Amino acid sequence: QVQLVESGGGLVQAGGSLRLSCAASGHTFSILAMGWFRQAPGKEREFVATIWWSGGTTRYADSVKGRFTISRDNAKNTVILQMNSLKPEDTAVYYCAVKSQWNGSVMLSGNYDYWGQGTQVTVSS
């Protein structure tokens, strides 16, 4: 089992920045990748970004490329999502997730095994 605790959400004006953090504990040796997903009211959960634990390769949703940066601190078992140039359409609950199996695309939420509780990000216009 892997436990995830997110922090850093909040309210920000359009064009502003927020930094989300996710700390993993437990069986962290099983982590292959850590990612962020988001879910806005009335919408399905969507992929935001992910980073492979070994090597640090990243992948982003087209909607956040050039604005968001995902990074990791392996020693602290922490992943960071730096969000710049925020837009009202970025408003959602953001979830951290761990992928621990070689079971397909990192962009599919069903391929992640552990989830955090979520943190609210609200961008006002």
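None of these values were measured; they are calculated from a predicted model.

You can see Ser125 is positioned in the segment after β11 (119-124). Take Ser125: its relative accessible area is 88%, and that puts it in the exposed class. Once residues within four sequence positions are removed from consideration, Ser125 is found in contact with Ala14 and Pro88.

Turning our attention to the nonpolar core. By size, the foremost hydrophobic cluster in this structure holds 36 residues, and its most contacted members are Leu4, Met34, Trp36, Leu81, Met83 and Tyr94. Elements with a contribution of two residues or more to this core: β1 (2-7), β3 (18-26), β4 (33-39), β5 (46-52), β7 (68-73), β8 (78-83), β9 (92-99) and β11. Sort the elements by how many residues they give to this core and β9 lands first, with five residues. With near-sequence residues (within four places) excluded, Leu81 lies in contact with Leu18, Arg19, Leu20, Trp36, Val48, Ala49, Phe68, Thr69, Ile70 and Tyr94.

A few words now on the pairing of β5. Counted residue by residue, β5 has five buried out of seven residues, so it is predominantly covered. Pairing of β4 with β5, which is carried by six bridges, proceeds in the antiparallel orientation. Residue Arg38 lies in a different strand from β5, and its bridge partner there is Glu46. Counted between consecutive antiparallel strands, the loop separating β4 from β5 contains six residues, among which Gly42 sits at a positive phi close to 80 degrees.

On to the packing of aromatic side chains, then. Throughout the structure, instances matching the rule amount to six aromatic pairs. For the pair Phe37 and Phe47, a centre-to-centre distance of 5.7 Å together with 75 degrees between the ring planes defines the contact as edge-to-face. Pair noted here: Phe37 is in strand β4 and Phe47 is in strand β5, with a separation of 10 residues, a long-range link. Take Phe37 and Phe47: they sit in the same class, and that class is buried. Note on Tyr95 and Trp115: the rings are 6.5 Å apart at their centroids and 75 degrees apart in plane angle, and the pair reads as edge-to-face. Within this pair, whereas Tyr95 is found in strand β9, its partner Trp115 is found in strand β10 (residues 114-115), the two being separated by 20 residues in sequence. When its relative accessible area of 16% is taken as the criterion, Tyr95 is described as buried.

Let's shift gears to the pattern of salt bridges. On inspection of all chains with the given rule, the structure shows four salt bridges. One salt bridge connects Asp90 with Arg38, and the closest N-O pair in it is separated by 2.9 Å. With Asp90 in the loop between β8 and β9 and Arg38 in strand β4, this pair connects stretches of sequence that are 52 residues apart. Overall, Asp90 belongs to the buried group, its relative accessible area being 0%. Here Asp62 ties to Lys65 by a salt bridge, and the two come within 3.2 Å at their closest N and O atoms.

What follows deals with unusual backbone geometry. Phi is positive for Asn77, close to 50 degrees, though the residue is something other than glycine. A relative accessible area of 19% places Asn77 in the buried class. Phi is positive for Ser85, which is not a glycine, with a value near 50 degrees. What makes Ser85 partly exposed here is its relative accessible area of 41%.

The rules behind each value
- Residues numbered from 1 in each chain as written.
- Predicted model: local features only at pLDDT ≥ 70, side-chain atom pairs only at ≥ 80, totals over all residues.
- Heavy atoms only, no water.
- Helix = DSSP H or I, 4+ residues; strand = E, 2+ residues; numbered from the N terminus.
- Buried < 20%, exposed > 50% of the residue type's maximum accessible area, 1.4 Å probe, protein only.
- Contact = heavy atoms within 4.5 Å.
- Core = buried A, V, L, I, M, F, W, Y, C linked by side-chain atoms within 4.5 Å.
- Pairing = 2+ DSSP bridges.
- Phe/Tyr/Trp six-rings, centres within 6.5 Å; stacked < 30°, edge-to-face > 60°.
- Salt bridge = Lys/Arg side-chain N within 4 Å of Asp/Glu carboxyl O.

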